[in-house]
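Letter by letter, the chains look like this.
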Amino acid sequence: MKGVGKDLPSFLFRPVSYRQPFLTVLDQTRLPARIRFVRLRSAEEVAEAIRRLKVRGAPWIGVAAGYGLAVEAWRLTDRQLRTGMKRAARMLLASRPTAVNLAWAVERVMQRLKGTCLSPEALRLSVEKEARKIEQEEIERSIAMARQGARLVPKGATILTICNSGALAGPGMGTALGVIFQAHLEGKRPRVFVCETRPLFQGARLTTLELLRARIPCTLIPDSAAASVIEKCDLVLVGADRIARNGDTANKVGTKMLALLAKEAGRPFYVVAPSSSFDPRARTGADIEIEERPADEVIRCGRSRVAPDKVRVFNPAFDITPAQLITAFITDKGVVKRL
């Protein structure tokens, strides 16, 4: 890729790659056991990949959705183009409801269709250009966040995190994990406790993989062990899928638990998120729709059943951390502290 992304550290993944007329994604449901790339040929296939967490992380979801519209634009005939793109946009918006980056990216790309004087070929090129621009901007944001956040990481710090917020979650450096990568590159020698993280053990499978590739010492813990290690930690770093106007933050389920533990232990709790994850239309966390995952993710472990047939299951993918529990937001615009 041209521009700022070319100088990124070699240990970083790039799980989404667009080359007309296909979108290629690293199937993150297969990691770490297998590295398997899949080629997506339509917006429907991109939406399904997002829904099944083959591509995930709020920034990457937005970028993938933008490229999904580009793929669809090249697939449709001239006569189908405008109506087909509107259908594709609705399909992508429905794939995962919590991450605001998805809606933001889809709406931004769809603005390109408002130029009624453009030919079908020009429209396709315009959509593709906007999707590429979104990815490049997210890379730039990730680098800015990493540099801002690394200033808050003491030398030799022990950090607690949840979910996956590295290059597998967002272009470039990622979000919260990007801060850790930058601190490592600056010679601060951070160590990390990684919560295993529901759903699909994204901390265990993905975050540990990224940290080990970067040669950053890490220890995997069950989510329920966070209270047992918080006193050993200097700070907590997490990402975000959507941030309301009042600062309430939606992130992977278990994040609120870490925020409560950090407050009780007197440790700083930082949310690392690009400006694209802030949603001015959500007044508070109550306005954020929380995705619920299938019950099978809880009652089964692989192919083995671990719970009775008729047990009720509540399996939210996210929770809402109240703004008053957040020490500061680390963004590409700077560090925003709670008043």
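Preceding block: the structure.
Residues numbered from 1 in each chain as written. Predicted model: local features only at pLDDT ≥ 70, side-chain atom pairs only at ≥ 80, totals over all residues. Heavy atoms only, no water.

K.L.:
Would you take a moment to explain the sheet that holds strand 8 (residues 242-243) for this structure?
P.N.:
Hydrogen bonds between backbone groups are what pair the strands of a sheet, and the pairing can be parallel or antiparallel. Pairing within the open sheet is antiparallel, and its three strands lie in the order 8-9-13. Each end of this open sheet is capped by a strand with a single partner; those strands are strand 8 and strand 13 (318-321). Of the strand pairs in this sheet, strand 8 and strand 9 (residues 249-252) are connected by two bridges, and their pairing is antiparallel. Among the inter-strand pairings, Arg242 is bridged to a residue of strand 9, identified as Ala250. (Pairing = 2+ DSSP bridges. Helix = DSSP H or I, 4+ residues; strand = E, 2+ residues; numbered from the N terminus.)

K.L.:
Would you mind going over helix 9 (residues 255-265) with me for this structure?
P.N.:
Regarding helix 9, the residues found buried are Thr255, Leu258, Ala259, Leu261, Ala262 and Ala265. In a view along the axis of helix 9, the buried residues occupy a sector of 165 degrees, so they form one face of it. Turned more than 90 degrees away from the buried face of helix 9, the exposed residues are Lys263 and Glu264. Where helix 9 ends, the next residue or the one after it, Gly266, has phi of about 70 degrees, a positive value. (Buried < 20%, exposed > 50% of the residue type's maximum accessible area, 1.4 Å probe, protein only. Arc of directions from axis to C-beta.)

K.L.:
I would appreciate a short explanation of the packing of helix 1 (residues 43-51) against helix 3 (residues 81-93) in the present structure.
P.N.:
How two helices pack is summed up by the angle between their axes together with the distance between the axes. In contact at an axis separation of 9 Å, helix 1 and helix 3 are set at 5 degrees when each is read in the N-to-C sense. If you check the angle between helix 1 and helix 3, you find them roughly parallel. Here helix 1 contributes Ala43, Glu44, Val46, Ala47, Ile50 and Arg51 to the contact with helix 3, which in turn contributes Ala88, Met91 and Leu92. The residue inventory of the contact of helix 1 with helix 3, partitioned by class, reads seven nonpolar, no polar and two charged. (Axes fitted to C-alpha atoms, helices over the stretch in contact; angles between N-to-C directions. Parallel < 35°, antiparallel > 145°, perpendicular 65-115°, else oblique. Contact = heavy atoms within 4.5 Å. Nonpolar A, V, L, I, M, F, W, Y, C, P; charged D, E, K, R; others polar.)

K.L.:
Sorry if this is basic, but what is going on with the pattern of salt bridges here?
P.N.:
Close approach of charged atoms allows side chains of opposite charge to pair. Scanning the entire structure with this criterion turns up 23 salt bridges. We note a salt bridge from Glu137 to Arg108, for which the minimum N-O separation is 2.7 Å. Of the two residues, Glu137 is situated in helix 5 (residues 120-150) and Arg108 in helix 4 (residues 100-110); the sequence distance between them amounts to 29 residues. Grouping residues by exposure puts Glu137 and Arg108 together as buried. As a salt-bridge pair, Glu130 and Arg112 come within 2.4 Å of each other at their nearest N and O atoms. In this pair, Glu130 is assigned in helix 5 and Arg112 in the loop between helix 4 and helix 5, connecting sequence segments 18 residues apart. Residue Glu130 is classed as buried on the basis of its relative accessible area of 6%. What makes Arg112 partly exposed here is its relative accessible area of 26%. (Salt bridge = Lys/Arg side-chain N within 4 Å of Asp/Glu carboxyl O.)

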